[in-house]
Amino acid sequence: MITLESIDKKYNLGQMTVTALDEVSLTIGEGEYVAIMGPSGSGKSTLLNIIGILDNPTGGRYLLEGHNITNLPDKERARIRNKHFGFVFQSFNLFPELSAMENVMLPMSYAGVSFSQRKARAAELLDWIGLSHRLHHLPTMMSGGEQQRVAIARALANEPDLILADEPTGNLPTEKGEEILQTLEDLNKQGVTIVMVTHNDAQARRAKRLIQLQDGKLHGEVA
Amino acid sequence: MNIGEDVRMSLRSIRKRPVESLLLIFGIALGIGATAAGISLISYSVKAKNDLLSQVPYREVVVRVRESAEDMDLPAAPQISDGSAFISSRDLVAKDDVPDVEYAYVADRMELRVMTQAMIAQFENRQLQDGGGAAPAGDGFMMMGPPPDEGAPPSEDRSAGAGEGAAARGNEREGPAAPPVGEDFFSGILESLDGPQPVIEQMPGMRVSLEYFSAWNLNVSEGSLFTAGEIEQNAQVMVLGSELAATLFEDDASLGREVLIMRNLYKIVGILETTGTSIDGTAFIPQQYIDIDRIPQFARQFIGRGTALHFTVYDPDRLDEAKSQLAEWFSQNYGEGQVVITVPRVEVEAAQDRTARLVSVILFLAVAGLLIASVNVSNILLGRAMRKRKNVGILKALGASIKDVFGLFFIEALILGVSGALLGTAISLLISKLMLLAISGGAVVSAMLFLGILAAWAITTSLTVIPALQASRIPAADALRYE
Ligand SMILES: Nc1ncnc2c1ncn2[C@@H]1O[C@H](COP(=O)(O)OP(=O)(O)OP(=O)(O)O)[C@@H](O)[C@H]1O
Ligand SMILES: [Mg+2]
């Protein structure tokens, strides 16, 4: 599905150059469940953003389904993120002025789904994730675990092939985190590819594949 | 994303920060209000200037006798011994030697007192009571009262056998002093006054020479203007302004009727087209030719004093040339420095240039105000965008393109901008109306004002584009890293 070939990410800070990713080569197949671990600053988020085409590598090639997408125009990249990827963040990143429904509907509006269909699908997703009683609540009126579930529903809005989760349980108490992890695992069982950054060993071990990053380098892989 | 969604999100985010949003709206409103008001002030003053300068008096060179302006109130004696030149409508021939001059005319103002049958009857009664005869009427009568107002030269009147202006005044001031009328005189004309009586006792009048009507571009709607022959023969004919024509007699009709003005019976031969100016209420009678050689030397002073000769030019840009050529003509005929030649346009232009400079300063301040307001607005919007940079990252992660993000931020700015602009438009209409009322008493909402408002809208919207552009260009990964 995704092939990274010698991906570099360097930041030029005047005199100094920070190397966030150093010659990372990686292949992620359809339906995989990959965990990424590593110390703080090792480049995990950078790698996830590059996989999600939110960020551009400074070197190397990115092949999506065999196509080099490194030089695609913004509009195409936006379309791929919208239709094929779903993002889940550590700090939920819901829009505080939008209700749970509206947050979930948002990605569908970029996909050109009609209003009534968006509404129906959002309600269905929130129901599936156990928040049918929270449809019109604003994020500020919900607990962390509920907010993260809304975020997952939002990531699923356009039926993505790949979910990119950056420490999705990092801001949650253990049992709430466990619920989120369960959800992601359920999705994986349904065929959705999952790439998840985590600091939690136990969680990482539950993934089918574990990638270790250190100083921007691929340090090891446990399959 | 569709616009409806953008608008909804924008409105939510505007509502979330009410104070900031209101500040933005008022900033834009004041900027636009100030600019539009400044522009309307400019456009008003330009229009006023053009209107004024296109009027006949500002395409003219005016020639007067030297003393006329300054010594109006001096007793007659010193002027008589002065022995300076006199000018009269005869001198309008100067036009023939000055090619830039289009028309030359005399227009002397005066009040015309209308007499009715009833008034004559009153006179007759009084004379019977007094037992005295009527004062001698006609050429023998000479008024030696205070000098008359401009435009009513008594010698001229006398020589023409009229004397109405001077006599009217004499009558007014001295009450019982006998007017230059008598029984025998009236008995002859009483019949012609037999019809409907005038209902106006006094009306503004003008003695004009032939070209006056052409110079002022006046045409009759009924009847005809004076002919050269009528003026040369001192015919007692009258042309009325449209309003006066409609009100002079109780039954509205006036063409062809006769009006007794002191002791002259004037026949109304023409009615002017409506002009919307004071001309509509004015009665015109011919400026009469004077044989200057028949006037005694001491009386000649009076002629020149009242008379101003007007020379209109084809092209206002050539007023100076016309002025110097006329000056030469008059020095050749009367000697150096005998007449005062003025170009009213020059003074008005100088005054208007000063106003224009003042107005430009005001506009400059207004535009500066708009720019400051706009920059501030732009700044606040930018700050807003930067605070929401995290949102940019999230939106992009959810599939928004740069264009989508721009659209969202732009619509939010546009909503604020348009609210401010609408408010500003209301403010500017109000300000300009108040301003114009203060200046002239008449509000002019000109096309320029709308252009000004449009320009202000353009400036404001273009400044709201910048923050939106800036926001949309934030790299997604950087935006997401921002907490
Ligand atoms: N915009 C940037 N400019 C300069 N350096 C950056 C920038 N973004 C990231 N870095 C650097 O790149 C390196 C990798 O950062 P990244 O966020 O990927 O680490 P991480 O593994 O996700 O860490 P954490 O576990 O704390 O989230 C870090 O050293 C970081 O300082
Ligand atoms: Mg990270």
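Caption draft 1: Representation of the overall build of chain A within the structure. Broken down by element type, chain A carries seven helices and ten strands. Burial status across chain A gives 54% buried among its 223 residues. Pairs at least 24 residues apart make up 69% of the contacts formed inside chain A by residues separated by at least 6 positions. For chain A, the exposed area adds up to about 9,500 Å²; of that, 49% sits on carbon and sulfur atoms.

Caption draft 2: Focus on the overall build of chain B. The helix and strand tally for chain B stands at 17 helices and ten strands. Here chain B holds 483 residues, and the buried ones make up 48% of them. If you take every contact in chain B between residues at least 6 apart in sequence, the share linking residues at least 24 apart comes to 83%.

Caption draft 3: Geometry of the interface of chain A and chain B. Contact with chain A, which involves 27 residues of that partner, is made by 25 residues of chain B. Here chain A meets chain B over a buried area of about 2,400 Å², counting both sides, of which 57% is carbon and sulfur. If you sort the residues of chain A by the area they bury against chain B, A:Phe95, A:Glu97 and A:Tyr110 come out on top, with a joint share of 29%. The tally of links from chain A across to chain B stands at three salt bridges. B:Lys16 is the partner of A:Glu97 in a salt bridge, and the nearest nitrogen-oxygen pair spans 3.8 Å.

Caption draft 4: Local environment of the packing of helix H3 (residues 100–110) of chain A against helix H5 (residues 144–155) of chain A. Residue and element names in this part refer to chain A. Taken N-terminus to C-terminus, the directions of H3 and H5 make an angle of 30°; their axes are 8 Å apart at the nearest point. Compared by their axis directions, H3 and H5 come out roughly parallel. In terms of crossing hand, the pair formed by H3 and H5 is right-handed. Listed contacts from H5 to Ala-100, Asn-103, Val-104 and Pro-107 of H3 are Val-150, Ala-153 and Arg-154.

Caption draft 5: Main features of the site of ligand 1. A:Ser40, A:Lys44, A:Ser45, A:Thr46 and B:Arg481 are the nearest of the 16 residues found near ligand 1. At the site occupied by ligand 1, the surrounding residues belong to chains A and B. The side chain of A:Tyr11 places a nitrogen or oxygen atom 3.3 Å from a nitrogen atom of ligand 1. The separation between an oxygen atom of ligand 1 and a polar side-chain atom of B:Arg481 is 2.7 Å. Protein coverage of the free-state accessible area of ligand 1, which is 640 Å², stands at 72%.

Caption draft 6: Up close: the nonpolar core. All names here are of chain A. Membership of the largest hydrophobic core comes to 51 residues, with the highest contact counts inside it found for Ile-2, Leu-47, Ile-51, Tyr-62 and Phe-85. Setting aside anything within four residues of it in sequence, one finds Phe-85 in contact with Ile-51, Gly-52, Ile-53, Tyr-62, Leu-64, Ile-80, Pro-160, Leu-162 and Leu-164. By size, the runner-up hydrophobic cluster in this structure holds 38 residues, among which are Ala-100, Ala-151, Leu-156 and Leu-187.

Caption draft 7: Main features of the packing of aromatic side chains. All names here are of chain B. A full pass over the atoms with the stated rule returns ten aromatic pairs over all chains. Ring geometry for Tyr-212 against Phe-284: centres 5.5 Å apart, planes inclined by 35°, an arrangement best described as tilted. Note that Tyr-212 is positioned in helix H8 (residues 212–215) and Phe-284 in strand E8 (residues 283–286), a separation of 72 residues in sequence. By relative accessible area, Phe-284 is classed as buried at 0%. Here the aromatic rings of Phe-406 and Phe-410 are separated by 5.4 Å at their centres, their planes lie at 10°, and the arrangement is stacked. Pair noted here: Phe-406 and Phe-410 are both in helix H15 (residues 402–440), with a separation of four residues, about one helical turn. Over the ring of Phe-249 we find Arg-257; its NZ or CZ atom is 4.9 Å from the centre of that ring.

Caption draft 8: Unusual backbone geometry, seen in detail. Residues and elements named next belong to chain A. Positive phi outside glycine occurs at Glu-23, with the angle close to 55°. Relative to the elements of secondary structure, Glu-23 occurs in strand E2 (residues 16–28). We note that Phe-92 has phi near 65°; this positive angle belongs to a residue other than glycine. As for its position among the elements, Phe-92 is in the loop between strand E6 (85–88) and H3. Judged by relative accessible area, Phe-92 falls into the buried class, the value being 10%.

Caption draft 9: Region of the structure containing helix H1 (residues 3–16) of chain B. Residues and elements named next belong to chain B. With 14 residues, H1 should cover 20 Å at 1.5 Å per step; its first-to-last C-alpha distance of 20 Å lies within 8% of that length. Residues of H1 that are buried: Glu-5, Asp-6, Met-9, Ser-10, Ser-13 and Ile-14. Angular distribution of buried residues about the axis of H1 spans 165°; they occupy a single face of the element.

Caption draft 10: Local environment of the packing of helix H2 (residues 18–53) of chain B against helix H13 (residues 344–387) of chain B. Residues and elements named next belong to chain B. Running from N to C, H2 and H13 cross one another at 165°; their axes reach a closest spacing of 8 Å. One way to sum up the angle between H2 and H13 is to call them roughly antiparallel. Crossing handedness for the pair H2 and H13: left-handed. For the contact of H2 with H13, the per-class residue count stands at 21 nonpolar, eight polar and seven charged.

Caption draft 11: Region of the structure containing the sheet that holds strand E5 (residues 67–68) of chain A. All names here are of chain A. Read across the sheet, four strands follow the order E2-E1-E4-E5 without closing on themselves; strand pairing throughout is antiparallel. A single partner strand is all that each edge strand has here, and the edge strands are E2 and E5. Along the sheet face, helix H1 (residues 44–51) touches strand E1 (2–13), E2 and strand E4 (59–64) and points at about 55° away from the line of E2.

Conventions used here
Residues numbered from 1 in each chain as written. Chains lettered and ligands numbered in written order. Predicted model: local features only at pLDDT ≥ 70, side-chain atom pairs only at ≥ 80, totals over all residues. Heavy atoms only, no water. Helix = DSSP H or I, 4+ residues; strand = E, 2+ residues; numbered from the N terminus. Buried < 20%, exposed > 50% of the residue type's maximum accessible area, 1.4 Å probe, protein only. Contact = heavy atoms within 4.5 Å. Areas by Shrake-Rupley, 256 points an atom, 1.4 Å probe, with all protein chains shown as cover. Buried area = accessible area lost by both parts, 1.4 Å probe. Salt bridge = Lys/Arg side-chain N within 4 Å of Asp/Glu carboxyl O. Axes fitted to C-alpha atoms, helices over the stretch in contact; angles between N-to-C directions. Parallel < 35°, antiparallel > 145°, perpendicular 65-115°, else oblique. Left-handed = near helix turned anticlockwise from the far one by under 90°. Near = heavy atom within 4 Å. Polar contact = N/O pair within 3.5 Å; in protein donor to acceptor, adjacent residues only side chain to side chain. Core = buried A, V, L, I, M, F, W, Y, C linked by side-chain atoms within 4.5 Å. Phe/Tyr/Trp six-rings, centres within 6.5 Å; stacked < 30°, edge-to-face > 60°. Lys NZ or Arg CZ within 6 Å of the ring centre and 35° of its normal. Expected span 1.5 Å × (residues − 1). Arc of directions from axis to C-beta. Nonpolar A, V, L, I, M, F, W, Y, C, P; charged D, E, K, R; others polar. Pairing = 2+ DSSP bridges.

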